[in-house]
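# A structural walkthrough
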Amino acid sequence: MSERVYLLKIQLLDIEPSIWRRFVVPASITLDRLHDVIQIVMGWTDSHLHEFTIGNKRYTEYPESKEDGLVCGRYRLGDLIKQKGRTFRYLYDFGDGWEHELVLEESRYSNPELRTELACLDGQRACPPEDVGGVPGYFEFLNALKDPNHEEHESYTEWSGGNFDSERFEPESISWELMKYLRWSRDRYQGWGGIE
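Just so we're clear, the structure is a prediction, and the values are computed from it rather than from any experiment. (Residues numbered from 1 in each chain as written. Predicted model: local features only at pLDDT ≥ 70, side-chain atom pairs only at ≥ 80, totals over all residues. Heavy atoms only, no water.)

### Considerations on the overall build of the protein
On a plain count of helices and strands, the protein comes out with five helices and eight strands. Across the protein, helices and strands are ordered from the amino to the carboxyl terminus as β-β-α-β-β-β-α-β-β-β-α-α-α. Sequence separation of 24 or more characterises 63% of the internal contacts of the protein that already satisfy a separation of 6 or more. Carbon and sulfur atoms make up 46% of the accessible area of the protein, which amounts to about 11,600 Å² in all. Charge-centre separation for the protein: the mean point of 23 positive side chains lies 11 Å from the mean point of 36 negative side chains. (Helix = DSSP H or I, 4+ residues; strand = E, 2+ residues; numbered from the N terminus. Contact = heavy atoms within 4.5 Å. Areas by Shrake-Rupley, 256 points an atom, 1.4 Å probe, with all protein chains shown as cover. Lys, Arg positive; Asp, Glu negative; His and termini not counted. Charge placed at Lys NZ, Arg CZ, Asp CG, Glu CD.)

### Some details on the nonpolar core
In terms of nonpolar packing, the biggest core is built from 44 residues, with Phe23, Val25, Leu34 and Leu77 touching the most fellow members. Mapped onto this core, the elements with two or more residues apiece are strand E1 (5–12), strand E2 (19–26), helix H1 (31–42), strand E3 (50–54), strand E6 (87–92), strand E7 (98–106), helix H3 (134–146) and helix H5 (171–184). Counting residues domain by domain, this core receives three or more from each of domain 1 (5–125 + 169–184) and domain 2 (129–168). Contacts of phenylalanine 23, omitting those with residues within four sequence positions, involve Tyr6, Leu7, Leu8, Ile10, Leu34, Val37, Ile38, Val41, Leu102, Ala119, Cys120 and Leu121. One finds Leu7, Val24, Tyr109 and Leu114 within the second-largest nonpolar core, a separate group that totals six residues. (Core = buried A, V, L, I, M, F, W, Y, C linked by side-chain atoms within 4.5 Å. Buried < 20%, exposed > 50% of the residue type's maximum accessible area, 1.4 Å probe, protein only. Domains from an automatic or database assignment.)

### Describing H1
Between the first and last C-alpha of H1 there are 16 Å, a value that for 12 residues agrees with the 16 Å anticipated at 1.5 Å per step. Within the sequence span of H1, burial applies to Leu31, Leu34, His35, Val37, Ile38, Gln39, Val41 and Met42. Where H1 ends, the next residue or the one after it, glycine 43, has phi of about 105°, a positive value. (Expected span 1.5 Å × (residues − 1).)

### Focus: the domain arrangement of the protein
Taken domain by domain, the protein consists of domain 1 (5–125 + 169–184) and domain 2 (129–168). Here domain 1 and domain 2 have C-alpha centroids that lie 26 Å from each other. Between domain 1 and domain 2 lies a buried interface of about 1,100 Å² when both sides are counted; carbon and sulfur atoms form 52% of it. Looking at the side of domain 1 facing domain 2, the largest losses of area belong to Asp96, Trp98 and Arg125, adding up to 45% of the total buried there. Linking domain 1 to domain 2 there are one salt bridge. Across the pair arginine 125 and glutamate 167 runs a salt bridge, and its minimum N-O distance is 3.2 Å. Looking at the side of domain 1 that touches domain 2 residue by residue, the classes come out as seven nonpolar, three polar and seven charged. (Buried area = accessible area lost by both parts, 1.4 Å probe. Salt bridge = Lys/Arg side-chain N within 4 Å of Asp/Glu carboxyl O. Nonpolar A, V, L, I, M, F, W, Y, C, P; charged D, E, K, R; others polar.)

### Focus on the UniProt feature "domain: Plasmid pRiA4b Orf3-like" (unreviewed entry) in the protein
Per the UniProt record, "domain: Plasmid pRiA4b Orf3-like" (unreviewed entry) is found at residues 5–172. Counting secondary structure, residues 5–172 comes out at 23% helix and 29% strand; the distance between its end C-alpha atoms is 19 Å. (UniProt positions renumbered as here; feature names shortened; annotations may be inferred.)

### So, the layout of surface pockets
Roughly 390 Å³ of internal volume is contained in the largest pocket. Around the largest pocket, the lining comprises 20 residues; the ones closest to its centre are Met42, Gly43, Ala126, Cys127 and Arg168. At the level of secondary structure, the elements contributing two or more residues to the lining of the largest pocket comprise H1 and H5. Counted by class, the lining of the largest pocket contains 10 nonpolar, five polar and five charged residues. Both domains that meet at the lining of the largest pocket, namely domain 1 (5–125 + 169–184) and domain 2 (129–168), each give it at least three residues. (1 Å grid on protein atoms, 1.4 Å probe; cavity = no way out; pocket = protein on both sides within 12 Å on 5 of 7 lines; lining within 4 Å. Points joined across faces, edges and corners; volume = space filled by probe spheres on them.)

### Section: H3
End to end, H3 covers 18 Å across 13 residues, agreeing with the expected 18 Å (1.5 Å per residue, within 8%). Turning to H3, its buried residues are Gly134, Val135, Gly137, Tyr138, Phe141, Leu142, Ala144 and Leu145. Buried residues belonging to H3 abut E2, E7 and helix H4 (153–159).

The following block contains the structure:
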C-alpha cells in the first residue's frame, strides 16, 4: 500500500468498562465512508442519523440547512485531521445519543502484514444493541439479562435474540466485513446504466 494510512481508536463514551476499537483507514477516506467503517467496527446497523464534530464544525449526511452542518461526503479525513493525538467526536442515533470519541493514534501507520487499507486490529466488548435506549437503557438491559428474576429478563432475552454477550469481540470477523465493504464500495469504470 502506497497510500498514507491512519491508525484510529474509537471509544463509546459514558460506558464502563469501555467499549472500544482500534482500526486503520486511508487518510483520504471521506467522512461518509468513515461513518460506514465505524458502523462496521462498532457493530451498529446504520439505522439512524449521525454526525461528526471536528473542531467547531459539524458534518452529517443530509443537512437541511447550514445550521445542521456540512455534507460529510465532501470532506476527507486527512484534510481535516492531520496531527497525531488529535481527537474528534462521532454521534450516532440522535434519540439514543451514542457519543463516540476518536483519536488519531498514528498519522503514518505502517505494518507490513496489513494487506488492506481497512482493518480492525483490536478492541474490547460488544456494541450495545440498536434502540436499547442509550446508556441508561443499555445498563438496564444488561441488568435484566443477568437476573433471571428481573421482570424484563424474558422479554429482553427474546428481543436480543437470546445470545447477547457484552464481552464478545471478534476483530477477525470485523476485518472480514471491512474487506467485503471495501470490495463493494470500490470505484467503477462506468456508472449504473449511463448514470454518472
